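Single-letter residue listing:
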Amino acid sequence: MKSFIRNIPKAELHIHIEGTLEPELMLKIAKRNGVSLRFSAVDDVRKAYTFSNLPSFLSVYYEATSILLREQDFYDVTRAYLEKAHAQNVRHTEMFFDPQSHTERGVPFETVISGIHRAQADARQQLGVTSKLILCFLRHLSVDSAMEALKEAIPFKHWIVGVGLDSTEAGYPPEKFIRVFEKSLAEGFLTVAHAGEEGPAEYIWQALKQLMVSRVDHGVRCTEDAHLVQTLKARQTPLTVCPLSNVKLRVFDDIAGSNLKQLLDLGLCVTVNSDDPAYFGGYVMENLLAVQSALNLSYGDVCRLARNSFNASFLSEEEKQALRNELDVFCSNNVPDSIRSSNL
Ligand code: HPA
Ligand code: ZN
């Protein structure tokens, strides 16, 4: 099962580029830029990674992000993630970035997106990994600040598939950002939003009805509202679930307490993702391994999760079909015969 999970073709749809900054690269870039951090060794950094909730994580995350200054820094962090993803047979990834956390510090939008984009182009050409970029607005900042970020993104529209909403959720309802999302949709961006991670099911409703999202990021608290579950199922609105993140940020006590299997069995279009892998103890493969063993997922469940990841992506129908075909070949060659007849 371990090699099956490593090698199955998959997409990742919930990953923050800034959350892929591993301590080794963080210290290297900080030194290169002459930035002092309160950490001097990799072990010290890792020791700081104990969180009690989303805000306690975000303060460490924004502090670490502040070492990113130059185009090359954004290239290096994106490139390192894409190489990791490639090693786990991620065939396609849709990555978030938080421009406001950089422009607020005086780093130009163009510097950020140019470094990321160059790494995406290289990874596509050299590794065969395709990727898309989603601009996330920071919900703890003002609507005006989000509007400013959107304006800065417009000249780079062709490099950005959509916009999302992240950062502290509780107390920052999606509806606050209606105007920004309306303008984003009018500019041709697709929309997604983090909702129902720490916030209530009501925030998921707002994301669907008011921000017109194509996917819900996290969304695990949807099970608190049966009508919402029915709606998500009927529309097959994808949920990008991040199991290790949910445990690290205390949404669930442990992986066994995750409702991923319940969501899958309810017929929702659920996917497994890593969120901020440098902080939460694993990339997409480690997330899949963790849920497979704690929730006793079958080969069929794992194939379903991989299929959902392609269906939920923003690829064209032709691109999705090509990846589903690749997945079908993989599954028919790699699911043990004894299991295929009984379990798939
Ligand atoms: N939730 C909200 N905002 C974030 C996260 C998350 O898990 N990761 C990075 N920004
Ligand atoms: Zn996230």
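Here, the structure is the one placed above.
Predicted model, so just to flag it, every value in this text is computed and none were measured.

Some details on the coordination of the zinc ion (ligand 2)
Alright, step 1. With distances of 2.0 to 2.2 Å, the protein atoms coordinating the zinc ion (ligand 2) are H14 (NE2), H16 (NE2), H194 (NE2) and D275 (OD).
Alright, step 2. In terms of primary sequence, the donors binding the zinc ion (ligand 2) are separated according to H-x1-H-x177-H-x80-D. Remark: D275 occurs in the loop between β8 (270–272) and α14 (277–280) and H14 occurs in the loop between β1 (10–12) and α2 (23–33); sequence separation between them is 261 residues.
Alright, step 3. For H14, a relative accessible area of 0% corresponds to the buried category.
Alright, step 4. Since its relative accessible area comes to 3%, D275 is described here as buried.

Here we look at unusual backbone geometry
Glycine aside, residues mostly have negative phi angles, and peptide bonds mostly take the trans form.
Alright, step 1. Despite not being glycine, R250 shows a phi value in the positive range, around 65°.
Alright, step 2. Note that R250 resides in the loop between α12 (243–248) and α13 (260–265).
Alright, step 3. Residues other than glycine seldom take positive phi values, yet N296 does so here, at roughly 55°.
Alright, step 4. When you line up the elements, N296 lands in the loop between α15 (284–295) and α16 (299–311).
Alright, step 5. According to the relative accessible area criterion, N296 is exposed, its value standing at 63%.

Section: the side chain of N33
Alright, step 1. Summarising the element assignment, N33 is placed in helix α2.
Alright, step 2. Reaching out from N33, the side chain makes a polar contact with the side chain of R70 at a distance of 3.1 Å.
Alright, step 3. At 2.7 Å, the side chain of N33 and the side chain of D73 are in polar contact.
Alright, step 4. Setting aside chain neighbours within four positions, we find N33 in contact with I67, L69, R70 and D73.

A word on the sheet that holds strand β4 (residues 162–166)
Alright, step 1. Taken together, the 8 strands give an open sheet; going across it, the order is β1-β2-β3-β4-β5-β6-β7-β8, and neighbouring strands pair in parallel fashion. Looking along the sheet, the strands with just one partner apiece sit at the ends: β1 and β8. Each neighbouring strand pair of the sheet contributes to a mean axis angle of 25°, computed without reference to strand direction.
Alright, step 2. Across the sheet, helix α5 (residues 71–87) lies against β1, β2 (90–97) and β3 (130–138), angled at about 150° from β2, the strand it touches most.
Alright, step 3. Sheet strands in contact with α16 are β1 and β8, and its direction is about 100° off that of β8.

Examining the site of ligand 1
Alright, step 1. Around ligand 1 sit H16, L54, F57, L58, Y61, D166, S167, H194, E197, H218, D275 and D276, and those are all the residues in its vicinity.
Alright, step 2. The separation between a nitrogen atom of ligand 1 and a polar main-chain atom of S167 is 2.8 Å.
Alright, step 3. Within the side chain of E197, a nitrogen or oxygen atom sits 3.0 Å from a nitrogen atom of ligand 1.
Alright, step 4. In isolation ligand 1 has 260 Å² of accessible area, and contact with the protein removes 100% of it.
Alright, step 5. Ranked by the residues each element gives to the shell around ligand 1, the list is headed by helix α4 (residues 54–65), at 4 residues.
Alright, step 6. Residue composition of the shell around ligand 1, grouped by class: 4 nonpolar, 4 polar and 4 charged.

Here is what the cut-offs are and how they apply
- Residues numbered from 1 in each chain as written.
- Chains lettered and ligands numbered in written order.
- Predicted model: local features only at pLDDT ≥ 70, side-chain atom pairs only at ≥ 80, totals over all residues.
- Heavy atoms only, no water.
- Donors = N, O, S within 2.8 Å, 3.2 Å for Na, K, Ca; no water.
- Helix = DSSP H or I, 4+ residues; strand = E, 2+ residues; numbered from the N terminus.
- Buried < 20%, exposed > 50% of the residue type's maximum accessible area, 1.4 Å probe, protein only.
- Polar contact = N/O pair within 3.5 Å; in protein donor to acceptor, adjacent residues only side chain to side chain.
- Contact = heavy atoms within 4.5 Å.
- Pairing = 2+ DSSP bridges.
- Axes fitted to C-alpha atoms, helices over the stretch in contact; angles between N-to-C directions.
- Near = heavy atom within 4 Å.
- Areas by Shrake-Rupley, 256 points an atom, 1.4 Å probe, with all protein chains shown as cover.
- Nonpolar A, V, L, I, M, F, W, Y, C, P; charged D, E, K, R; others polar.

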